Amino acid sequence: MILAIIHKVRSNGLPLLVAVALLFQVDANAQTRKRTETRPANELSRLREDFIKATKDYKTSLAKLLAIYERNVSSSEEKLVQAQKLFAEGLISRNQLVEAETAVAAAKGKINEAQSQMANADTQIADTMLEAQAEAQMSRTPLRKGSLVRTTSYIRFSGAGTWALSDAWRVQRFFQDSFKRQLPVGVFGQGAIHDRWRLDHRNAMDVSLHPDAPEGQLLMNYLRANGIPFLAFRTAIPGTATGPHIHVGRPSHRF
Ligand SMILES: [Zn+2]
């Protein structure tokens, strides 16, 4: 569906991501907006429509997944009842019983995962849309290690150290110690949405903090001091509060 939207916009001669970039500039400058009123207004509403549609599509696909996961839970629970019976009769080993128990727990875990994805679907879509836009811009401007770049829409630090998502706990602990609350992680690693948009987000997490707010500033200072690469987004999807976030890790790229 997203690809269809992008294709549709491309066939009008204006790549979606370029259109998004233009919009943010226009939004930041009321005078420019007045001069070029007709088209940006259309583009603005189109971006908003794309966002709403993408979120709806995503929620629909998650609901389908959820239904499958619920069926898996039922069938694994039936198997467990069977296994308990057989174990009581001495017909299967304890290991086989434990296997059946583990299968139920795993199936329930999938449901929790899909439910939390459903709960912050808007954030995931907005974060991913902005990252897809930045990816198109950044692929043309490689950065030296350890350097920092600021534009109107993002701040990018290339980070000279090594970073893996398995180090995320360090960042989480730093934040917890500093602010006595959990790091607000909106997206952790690769989600269904990244697969659909062909973005590699396996080694990154998105933190729902505005880079200009004190908490965001302190987090970025910590990341810089530790050589951890990040990309901080200031912009929001027009008409919503979602979008600003700090992507910890190297920028997503297309696969
Ligand atoms: Zn991200």
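Residues numbered from 1 in each chain as written. Predicted model: local features only at pLDDT ≥ 70, side-chain atom pairs only at ≥ 80, totals over all residues.

1. A few points about the overall build of the protein
Looking only at helices and strands, the protein features 9 helices and 8 strands. For the protein, the proportion of its 255 residues judged to be buried stands at 31%. Residue pairs at least 24 apart in sequence account for 66% of intrachain contacts in the protein once pairs closer than 6 positions are excluded. (Helix = DSSP H or I, 4+ residues; strand = E, 2+ residues; numbered from the N terminus. Buried ≥ 20, exposed ≤ 12 C-beta atoms within 10 Å, placed from the backbone. Contact = placed C-beta atoms within 7 Å.)

2. Remarks on the sheet that holds strand S6 (residues 230–233)
Read from one edge of the open sheet, 6 strands run S1-S2-S6-S7-S5-S3, paired in antiparallel fashion. Strands at the two margins of the open sheet, each flanked by one partner only, are strand S1 (148–150) and strand S3 (185–188). On average, each strand axis in the sheet is tilted by 15° relative to the strand beside it, whichever way the strands run. Judged from the 4 bridges that link them, S6 and strand S7 (residues 245–248) form a sheet pairing that is antiparallel. Residue pairing for S7: Leu231 is matched across the bridge by His247. (Pairing = 2+ DSSP bridges. Axes fitted to C-alpha atoms, helices over the stretch in contact; angles between N-to-C directions.)

3. Regarding the nonpolar core
In this structure, Ile125, Phe230, Ile246 and Val248 are the most contacted members of the largest nonpolar core, which totals 37 residues. When residues of this core are assigned to domains, at least three fall in each of domain 1 (1–119) and domain 2 (142–254). Residue contacts for Val248: discarding those within four places in its chain leaves Val171, Ala204, Met205, Val207, Leu223, Ile228 and Phe230. (Core = buried A, V, L, I, M, F, W, Y, C linked by C-beta atoms within 7 Å. Domains from an automatic or database assignment.)

4. Thoughts on the pairing of strand S2 (residues 154–157)
Relative to S2, S1 runs antiparallel, the two being bridged by 3 bridges. Across the sheet, Val149 pairs through a bridge with Arg156, a residue of S2. In this structure, S2 lies alongside S6, joined through 4 bridges in antiparallel fashion. Bridge pairing in S6 places Arg156 opposite Leu231.

5. Looking at unusual backbone geometry
For Lys180, which is not a glycine, the phi torsion comes out positive at approximately 55°. Secondary-structure assignment places Lys180 in the loop between helix H7 (168–179) and S3. Phi angles above zero are rare outside glycine, and Arg198 is one such case at about 55°. Looking at where Arg198 falls in the secondary structure, it is placed in the loop between helix H8 (192–197) and strand S4 (199–200). Judged by the 13 C-beta atoms lying within 10 Å of it, Arg198 is partly exposed.

6. A word on the environment of Glu99
Mapping Glu99 onto the fold places it in helix H5 (residues 94–119). In this structure the C-alpha to C-alpha distance between Glu99 and Leu80, which are 19 residues apart in sequence, comes to 8.9 Å.

7. Considering helix H9 (residues 214–225)
For H9, spanning 12 residues, the distance from its first C-alpha to its last is 17 Å, which sits close to the expected 16 Å at 1.5 Å a residue. Among all positions in H9, only Gly216, Leu219, Met220 and Leu223 are buried. Viewed end-on, H9 has its buried residues packed into an arc of 100°, placing them on one side of the element. Opposite its buried face, H9 presents the exposed residues Pro214, Asn221 and Ala225, each directed more than 90 degrees away. Residues of H9 that are buried make contact with S2, H7, strand S5 (205–207), S6 and S7. At the C-terminal side of H9, Gly227 shows a positive phi close to 65°. (Expected span 1.5 Å × (residues − 1). Arc of directions from axis to C-beta.)

8. Some words on the environment of Arg156
Position of Arg156 among the secondary structure elements: in strand S2. A sequence separation of 75 residues divides Arg156 from Leu231, and the C-alpha atoms of the two residues are 4.5 Å apart. For Arg156, the contacting residues outside a window of four places in its chain are Leu143, Val149 and Leu231.

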